[in-house]
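Coordinate inspection notes
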Amino acid sequence: MQITKVKSVGGSLRVPSDKSISHRALILGAIASGRTRVSKWLSSADTRATLEVLRKLGTEITQEGDTVLIEGKDYRFTEPSDVLDARNSGTTARLISGVLSTQSFFSVITGDESLKERPMLRVVEPLRQMGASIDGREKGNKLPIAIRGARLKGISFFNKRASAQVKSALLLAGLRAEGITEVVEPTLSRDHTERMLRLFGVQVETIAQEKGHIVKLRGGQRVHAAEVFCPADPSSAAFFIALTALVEEGELLLKEVLINPTRDGFLRKAMEMGAHIEMLEVRETSMEPVADILVRSGSRLKAVEVRPDEVPSLIDEIPILAVMMAKAEGVSVVRGAKELRVKESDRIRAVVENLRSMGVKVEEFEDGFAVEGQESLKGAKIRTYSDHRIAMAFSVAGLVAEGETIIDDIKCVQISYPDFYRDLTIVSL
Ligand code: S3P
């Protein structure tokens with residue numbers, strides 16, 4: 001894909017629905033009793049991986065446009081006759097591991113080349129502690145992993161990486177475990193599972209303490225089918241917010257965007273940098289806060305720091321935030337983001353390397369980077385490492401750079417935002 005500079009953006013856009021919520025709506029619908037209806041469901045490569053896995057476990061799922069109907073299995077799944085493929089999706093592999101740990105049958109989860117290199121022990125170890133038998137490559141750290149579930153017992157687990165995938169897997173297992181399952185996190189990670197479980201009639205207790213957050217639930221509770229509405233994904237909206245903030249003129253209205261406080265770190269940082277952002281019509285749907293977001297161009301951005309405790313609320317937006325930092329006045333720093341090294345690609349490496357090829361001075365740390373902002377970026381050949389968020393972040397960089405930018409692989413945007421390039425064309429003037 002060849003990309004050249006645009007001067008302005010305009011209009012309004014409803015970016016695709018939230019990926020995290022779309023995965024969870026399917027999974028909760030499948031474990032519940034009764035028929036769940038999910039509207040505005042995101043159909044992307046990652047969420048379709050979850051859908052196919054649930055079907056292989058005997059769940060009846062039908063789609064009519066962007067509405068999905070799920071016939072709940074009430075945790076009575078059937079042994080799959082083949083390996084379950086989570087493809088590129090960490091959320092699928094980890095959350096489904098939690099569900100499978102409650103089933104007495106045998107199952108194997110695998111993934112694509114990238115997912116097979118990502119760590120699984122973070123979820124395998126606590127699930128073993130709860131009583132599941134799990135084995136796999138590198139003692140269970142790498143896919144494929146084989147799971148034989150059991151009668152589980154609740155545990156108290158310290159989630160030191162503040163991973164929402166780990167927390168969610170344990171809560172899904174905990175619902176079928178004896179006693180209380182408790183997850184303690186240093187910083188609250190995205191809390192969609194807790195919110196959606198409540199929507200499905202489950203009692204989940206959350207306690208905010210100075211030392212961290214506690215989330216707990218009692219096993220044996222029934223999960224009741226519900227109506228779920230999926231709002232627009234703030235991680236997808238971030239690319240358009242950044243683009244609008246970086247072009248010379250224009251304004252853009254992003255509709256129906258999720259503004260959950262565990263996901264709004266990018267918005268807060270962009271405002272701190274000086275971007276003009278307004279939240280309009282703040283409302284709540286399916287227990288999640290939503291707003292229309294109006295962004296205006298023309299402000300001079302200034303450097304910011306991202307502290308370790310701020311990372312969970314903007315983890316997936318760091319590549320696009322780095323692009324904004326590259327055009328902000330001063331030196332911006334991100335620390336405490338080591339997790340980025342084990343995402344769909346090593347995102348610290350990918351950001352540092354691609355910004356450098358656009359002529360930006362960047363220092364790389366094990367857990368982040370420092371970016372020296374400058375007046376202009378120069379077009380370059382971008383390596384995406386088949387990572388959707390790297391492809392989209394550097395496409396935005398290409399749209400505000402001098403000269404031509406070439407993105408080596410754009411297919412990967414299928415993971416979260418299949419029509420990304422169409423929408424870029426619609427808003428670019
Ligand atoms: C996700 C949690 C985050 C995030 C990922 C989606 C989720 O990962 O980066 O894109 O839906 O729970 P971690 O749980 O590993 O932090």
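Residues numbered from 1 in each chain as written. Predicted model: local features only at pLDDT ≥ 70, side-chain atom pairs only at ≥ 80, totals over all residues. Heavy atoms only, no water.

What follows is about the sheet that holds strand β5 (residues 67-71). The mixed open sheet is built from 4 strands, whose spatial order is β4-β5-β3-β16. Two strands bound the open sheet, and with one partner strand each, they are β4 (60-64) and β16 (227-229). Each strand of the sheet is rotated relative to its neighbour by a mean of 15 degrees, with strand direction disregarded. (Pairing = 2+ DSSP bridges. Helix = DSSP H or I, 4+ residues; strand = E, 2+ residues; numbered from the N terminus. Axes fitted to C-alpha atoms, helices over the stretch in contact; angles between N-to-C directions.)

What follows concerns the sheet that holds strand β19 (residues 288-296). Read from one edge to the other, the open sheet built from 4 strands follows the order β2-β17-β19-β18, with strand pairing classed as mixed. On the outer flanks of this sheet lie β2 (8-13) and β18 (276-285), each paired with one strand and no other. Adjacent strand axes in the sheet meet at a mean angle of 15 degrees, parallel and antiparallel pairs treated alike. Where β18 and β19 come together, 8 bridges link them in antiparallel fashion. Among the inter-strand pairings, Ile-277 is bridged to a residue of β19, identified as Val-295. Each of β2 and β17 (249-258) touches helix α13 (residues 420-427); the most contacted strand, β2, lies at about 115 degrees to it. (Contact = heavy atoms within 4.5 Å.)

Moving on to the site of the ligand. Taken together, Ser-20, Arg-24, Thr-91, Ser-163, Ala-164, Gln-165, Arg-190, Ile-315, Asp-316 and Lys-343 make up the full set of residues adjacent to the ligand. Contacts to the ligand include Thr-91, whose side-chain N or O atom sits 3.5 Å from an oxygen atom. Between Asp-316 and the ligand, the recorded distance is 2.7 Å, taken from a side-chain N or O atom to an oxygen atom. More than half of the atoms belonging to the ligand lie within 2 Å of the grid points that define the largest pocket. Listing elements by their share of the shell around the ligand, those giving two or more residues are α1 (19-31) and α6 (164-174). Residues from two domains meet in the shell around the ligand; each of domain 1 (2-16 + 231-427) and domain 2 (19-229) gives at least three. (Near = heavy atom within 4 Å. Polar contact = N/O pair within 3.5 Å; in protein donor to acceptor, adjacent residues only side chain to side chain. 1 Å grid on protein atoms, 1.4 Å probe; cavity = no way out; pocket = protein on both sides within 12 Å on 5 of 7 lines; lining within 4 Å. Sits in = over half its atoms within 2 Å of the grid points. Domains from an automatic or database assignment.)

Next up on the list: the packing of helix α4 (residues 121-130) against α6. α6 packs onto α4 with a crossing angle of 25 degrees between their chain directions and a minimal axis gap of 9 Å. When the axis of α4 is compared with that of α6, the two are roughly parallel. Crossing hand, α4 versus α6: right-handed. Residues Arg-122, Val-123, Pro-126, Leu-127 and Met-130 of α4 form the contact with α6, whose own contacting residues are Val-166, Ala-169, Leu-170, Ala-173 and Gly-174. Broken down by class, the residue content of the contact of α4 with α6 amounts to 8 nonpolar, 1 polar and 1 charged. (Parallel < 35°, antiparallel > 145°, perpendicular 65-115°, else oblique. Left-handed = near helix turned anticlockwise from the far one by under 90°. Nonpolar A, V, L, I, M, F, W, Y, C, P; charged D, E, K, R; others polar.)

Here the protein is described as being made up of domain 1 (2-16 + 231-427) and domain 2 (19-229). For domain 1 and domain 2, the distance between their C-alpha centres works out to 28 Å. Contact residues are listed per partner, giving 29 residues for domain 1 and 29 residues for domain 2. Summing both sides of the interface, domain 1 and domain 2 together bury roughly 2,400 Å²; the carbon and sulfur share of this comes to 53%. Inspection of the region where domain 1 meets domain 2 yields 6 salt bridges. The salt bridge involving Arg-195 is made with Glu-288; its shortest N-O contact spans 3.8 Å. (Buried area = accessible area lost by both parts, 1.4 Å probe. Salt bridge = Lys/Arg side-chain N within 4 Å of Asp/Glu carboxyl O.)

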